[in-house]
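A look at the structure
These are the residues of each chain, in order.
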Amino acid sequence: NIRFMNIYNHVHEVQKLSLVENFKEILDQLSNVESKQELINLTKTFFKQAFKIPMGRTDVYLRSENEITHTKKITPSYIEQFMKQEDNTCFIDNIYKKRILIYDELEFSQYYHHEKTSEILLNFMKKINADLFVPIFDHHTIIGYIYVERDARINELYSDLERDEIVVFASFAANIINLLQNNK
């Protein structure tokens, strides 16, 4: 799990069968979601079961034209403001390519390769105090995001398999959000 000794771009680990089985079960449960709150609860359950992240350390924000649905009492105003700033258009383009922001990877990359884009993304992650920021995309538009608080999982990095599972989960969640919004 020491990234600088790893020949891969991300932390690499051998696939665990139980994790794959749990992932299939969660994806099956996604197909039965009937409300935004169910999706939020299922997302928190998925992160708890698959990645050992306490449910209180994961949050989900679902965006629409008129409202933001989330589980905490405060509106994620900094994130919303950040995404709307003209100077941060690189944010949307870069995160669309990456599909996920992981604090430790951004920090590592910035330490060895000083780039303006990774500096902006790292500062964003510091400001929101997040280990993970997972956008939920509908085409090229962020319709929601999953946020995991900083140090929610201590002394463990996110592997390439976990990263892929999170990205796939977010893709499925996007489909469910679209179905929920179109069935109103």
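To be clear, the structure that these remarks concern was listed above.
Residues numbered from 1 in each chain as written. Predicted model: local features only at pLDDT ≥ 70, side-chain atom pairs only at ≥ 80, totals over all residues. Heavy atoms only, no water.

So, the overall build of the protein chain
Selection criterion: Each helix is a run of H or I in the DSSP string that is no shorter than four residues. Each strand is a run of E no shorter than two, and both are numbered from the N terminus. Burial here depends on accessible area, computed with a 1.4 Å probe over protein chains only, as a share of the maximum for the residue type. Under 20% is buried, over 50% is exposed, and the range in between is partly exposed. Should any heavy atoms of two residues lie within 4.5 Å, those residues are counted as being in contact. The protein chains shown are the only cover counted for residues, whose accessible areas, like all others here, come from Shrake-Rupley with a 1.4 Å probe.
Secondary structure summary: the protein chain contains seven helices and five strands in total. Helices and strands in the protein chain line up, N terminus first, as α-α-β-β-α-α-β-α-α-β-β-α. Of all 184 residues assigned to the protein chain, the portion counted as buried reaches 48%. By sequence separation, contacts in the protein chain at least 24 residues apart represent 62% of the contacts at least 6 residues apart. Approximately 10400 Å² of the protein chain is accessible, and the part contributed by carbon and sulfur atoms is 49%.

Overview of the nonpolar core
How we decide: The term nonpolar core refers to a set of buried residues drawn from Ala, Val, Leu, Ile, Met, Phe, Trp, Tyr and Cys, joined through side-chain atoms within 4.5 Å.
Counting 33 residues, the largest nonpolar core has Leu30, Leu39, Phe46, Phe47, Leu132 and Ile136 as the members making the most contacts within it. Elements with a minimum of two residues in this core: helix H1 (17–30), helix H2 (36–51), strand E1 (58–63), strand E4 (130–138), strand E5 (141–149) and helix H7 (160–182). Of all hydrophobic cores here, the second largest spans 22 residues; its members include Met83, Phe91, Leu122 and Tyr147.

Comments concerning the environment of proline 54
Mapped onto the secondary structure, proline 54 falls in the loop between H2 and E1. The class of proline 54 is partly exposed, set by a relative accessible area of 39%. Spatially, the C-alpha atom of proline 54 lies 8.5 Å from that of arginine 153, the residues being 99 residues apart in sequence.

A closer look at unusual backbone geometry
In this structure, asparagine 129 is a non-glycine residue whose phi angle is positive, near 55°. When you line up the elements, asparagine 129 lands in the loop between helix H6 (116–128) and E4. The class of asparagine 129 is partly exposed, set by a relative accessible area of 43%. A positive phi is found at asparagine 155, a non-glycine position, where the angle reads about 60°. Mapping asparagine 155 onto the fold places it in the loop between E5 and H7.

Side note on the environment of arginine 150
What counts is decided by this rule: Under the rule applied, a polar contact is a pair of N or O atoms within 3.5 Å (in protein, one hydrogen donor and one hydrogen acceptor; residues adjacent in sequence only if both atoms are side-chain atoms).
Looking at the element boundaries, arginine 150 is found in the loop between E5 and H7. Sequence spacing of arginine 150 and asparagine 129 is 21 residues, and the spatial spacing of their C-alpha atoms is 5.3 Å. Setting aside anything within four residues of it in sequence, one finds arginine 150 in contact with Arg57, Tyr103, Asp104, Asn129, Ala130 and Asp131. Separated by 2.6 Å, the side chains of arginine 150 and aspartate 131 make a polar contact.

Some thoughts on the packing of aromatic side chains
The following threshold applies: Ring geometry is summarised as follows: Phe, Tyr and Trp rings, the Trp one being its six-membered ring, pair when their centres sit within 6.5 Å, and such pairs are stacked at plane angles under 30 degrees, edge-to-face over 60 and tilted between the two. Charges are assigned to positions over rings by a cutoff of 6 Å between ring centre and Lys NZ or Arg CZ, combined with an angular limit of 35 degrees from the ring normal.
On inspection of all chains with the given rule, the structure shows twelve aromatic pairs. Ring geometry for phenylalanine 47 versus phenylalanine 169: centroids 6.5 Å apart, planes at 90°, classification edge-to-face. Taken together, the residues phenylalanine 47 in helix H2 and phenylalanine 169 in helix H7 connect sequence positions 122 residues apart. Exposure remark for phenylalanine 47: the relative accessible area of 0% places this residue in the buried category. Each ring, one from phenylalanine 124 and one from phenylalanine 133, has its centre 5.2 Å from the other, and the planes form 90°; the classification is edge-to-face. With a relative accessible area of 0%, phenylalanine 124 lands in the buried category. What makes phenylalanine 133 buried here is its relative accessible area of 0%. One Lys or Arg, lysine 127, reaches over the ring of tyrosine 78 and ends 5.5 Å from the middle of that ring. Looking at arginine 153, its charged tip hangs above the ring of tyrosine 158, at a distance of 4.1 Å from the centre.

Topic: the packing of H2 against H7
Put simply, the test is: The axes are straight lines fitted to the C-alpha atoms, using for helices just the contacting stretch, and the angles between their N-to-C directions are given from 0 to 180°. For classification purposes, angles smaller than 35 degrees are called roughly parallel, those larger than 145 roughly antiparallel, those between 65 and 115 roughly perpendicular, and all remaining angles oblique.
The geometry of H2 relative to H7 is characterised by a closest axis approach of 11 Å and an angle of 170° between their N-to-C directions. The orientation of H2 relative to H7 falls into the category roughly antiparallel. Residues Lys36, Leu39, Thr43, Phe46, Phe47, Ala50 and Phe51 of H2 touch H7, and the partners they reach there are Glu162, Glu165, Ile166, Phe169, Ala173, Ile176, Ile177, Leu180 and Gln181.

With respect to the side chain of arginine 153
Tracing the chain through its elements places arginine 153 in the loop between E5 and H7. For arginine 153, the side chain forms a polar contact with the main-chain oxygen of phenylalanine 51, separated by 3.3 Å. Those residues in contact with arginine 153 that sit more than four places away from it in its chain are Phe51, Ile53, Asp131, Tyr158 and Glu162.

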